[in-house]
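Chain and residue survey
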Amino acid sequence: MLDLIPNGFVLQRTDAPCYSILNYIKSFPYHGLAAYSTEPLYAVDNILHDREAYALCQEAFSRKVGEDAVVLRSFICEPDLLTRYILACQMRKIPIRALFVESDYAGEYWLGSRPDGVLWGYAYNTIPFDDQIVTDLHWYVPLTGFWLQLNSRGLFSDQADVLAFKRAYDSAFDAGKIGDGEMETHIFRLTEVGLETALAWQHGG
């Protein structure tokens, strides 16, 4: 069994789908990490003039290291920041969904308790998130047998299936059959948490 780390939340803007997935992936449904924009407030009109939105984006997706260096982040790891980000999106009428993510990536760690939600399944993807592995699964014929194992979200329902896919994908990648240069890959477990549930939970129920 995989020992996955709770990384935190990914908030996605549901009216901003990934172009390649929306237009090219017809072989299976896909609603995972690469399906939508993962930085909802960046889409605000004139974001540089919306000081609150800009500050939240900087706080959520970057962290200062030393005097000048900045490390980019993939997850919202702090409960208070999650609350403020959700409320800012709601105030600006930005439609979002919340996914709680656990993975074998140890670079970011959720600082709150584990939230209640609906388990969607498992994915093999990159950090930063992109559509490379999903689109490779779509077009690379030796991987098409894995389509039959995907659930209605385009995810694997159990760990054994996602581990088998990882082995097959990595073998094809190492042989130069798929992929587009070096990339950092991880296995993710995705749980949908309703926005009202997330907000109520943050405030003690």
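First things first, this report covers the structure right here in the doc.

Definitions and limits used
Residue numbers here run from 1 along each chain, matching the order of that chain's written sequence. Given that this is a predicted model, residues contribute local features only at a pLDDT of at least 70 and side-chain atom pairs are listed and counted only at 80 or more, while totals for whole chains, interfaces and linings are drawn from all residues. Side-chain measures were taken over the full set of non-hydrogen atoms in the model, leaving aside hydrogen atoms and water. Secondary structure is summarised from DSSP: a helix means a run of H or I of at least four residues, a strand means a run of E of at least two, and numbering begins at the N terminus for each. Values of the radius of gyration come from C-alpha atoms, whereas the globule rule sets the reference at 2.2 Å times the count of residues to the power 0.38. Areas reported here follow the Shrake-Rupley algorithm with a probe of radius 1.4 Å; residue values treat only the protein chains shown as occluding. A positive count includes Lys and Arg, and a negative count includes Asp and Glu. His and the chain ends are not counted in either. Positions of charges follow a simple convention, taking NZ of Lys, CZ of Arg, CG of Asp or CD of Glu. For every residue, the accessible area (1.4 Å probe, protein chains only) is compared with the maximum for its type, and the residue is labelled buried under 20%, exposed over 50%, or partly exposed between those bounds. Contacts are assigned to residue pairs with any non-hydrogen atoms lying within 4.5 Å of each other. Centre distance within 6.5 Å is the pairing criterion for rings of Phe, Tyr and Trp, where only the six-membered ring of Trp is used; planes under 30 degrees apart are then read as stacked, over 60 as edge-to-face, and the remainder as tilted. In these notes, a set of buried Ala, Val, Leu, Ile, Met, Phe, Trp, Tyr and Cys residues joined through side-chain atoms within 4.5 Å is what counts as a nonpolar core. Whether two strands pair depends on DSSP finding at least two bridges between them.

So, on to the overall build of the protein. When helices and strands are counted, the protein shows six helices and seven strands. Listed N to C, the secondary structure of the protein is β-α-β-α-β-β-α-β-β-α-α-β-α in terms of helices and strands. Whereas a compact globule of 205 residues would reach a radius of gyration of roughly 17 Å, the protein reaches 17 Å, a difference of no more than 12%. C-alpha atoms of the protein, sized along the principal axes, occupy 50 × 35 × 35 Å. Of the roughly 10,500 Å² that the protein leaves accessible, carbon and sulfur atoms contribute 53%. Distance from the positive charge centre (16 side chains) to the negative charge centre (27 side chains) of the protein: 3 Å.

Our next topic: the side chain of threonine 135. With respect to the helices and strands, the residue threonine 135 is situated in helix α4 (residues 132-139). A relative accessible area of 19% places threonine 135 in the buried class. Once residues lying within four places of it in the same chain are set aside, the contact partners of threonine 135 are Ser20 and Ile25.

As a further point, take the packing of aromatic side chains. For the structure on display, the rule yields 18 aromatic pairs. Seen in terms of ring centroids, tyrosine 169 and phenylalanine 173 are 6.5 Å apart; in terms of plane orientation they differ by 20°. Their pairing is stacked. One end of the pair is tyrosine 169 and the other is phenylalanine 173, both in helix α5 (residues 159-174) and four residues apart, which spans about a single turn. Taking the relative accessible area as the measure of exposure, tyrosine 169 reaches 1% and is therefore buried. Among the aromatic residues, those joined into a ring-pair cluster are Tyr124, Phe146, Phe156, Phe165, Tyr169 and Phe173.

Moving on, we come to α4. Of all eight residues making up α4, six are buried, and the element is well covered by its neighbours. Among the residues making up α4, those that are buried are Gln132, Ile133, Val134, Thr135, Asp136 and Leu137. Buried residues in α4 make contact with α1 (19-24), β6 (118-126), α5 and β7 (185-193).

It is worth spelling out the nonpolar core at this point. Counting residues in hydrophobic clusters, the biggest one holds 25 residues, and the most contacted among them are Phe9, Leu11, Leu41, Ile76, Tyr85 and Ile86. Not counting residues within four places of it along the chain, the set of residues in contact with tyrosine 85 comprises Leu11, Glu39, Pro40, Leu41, Leu56, Cys57, Ala60, Phe61 and Ile76. Counting 24 residues, the second largest nonpolar core, distinct from the first, contains Ile133, Val134, Tyr140 and Ala172.

Moving on to the pairing of strand β5 (residues 96-103). β5 sits mainly inside the fold: eight of its eight residues count as buried. Burial along β5 is two-sided: the face carrying Ile96, Ala98, Phe100 and Glu102 and the face carrying Arg97, Leu99, Val101 and Ser103 are both buried. Bridge count between strand β1 (residues 5-17) and β5: eight bridges; the pairing is antiparallel. Within β5, the position partnered with arginine 13 by the bridge is isoleucine 96. Here β5 pairs with β7 via six bridges, running antiparallel.

Function cannot be read off these values alone, since they describe shape.
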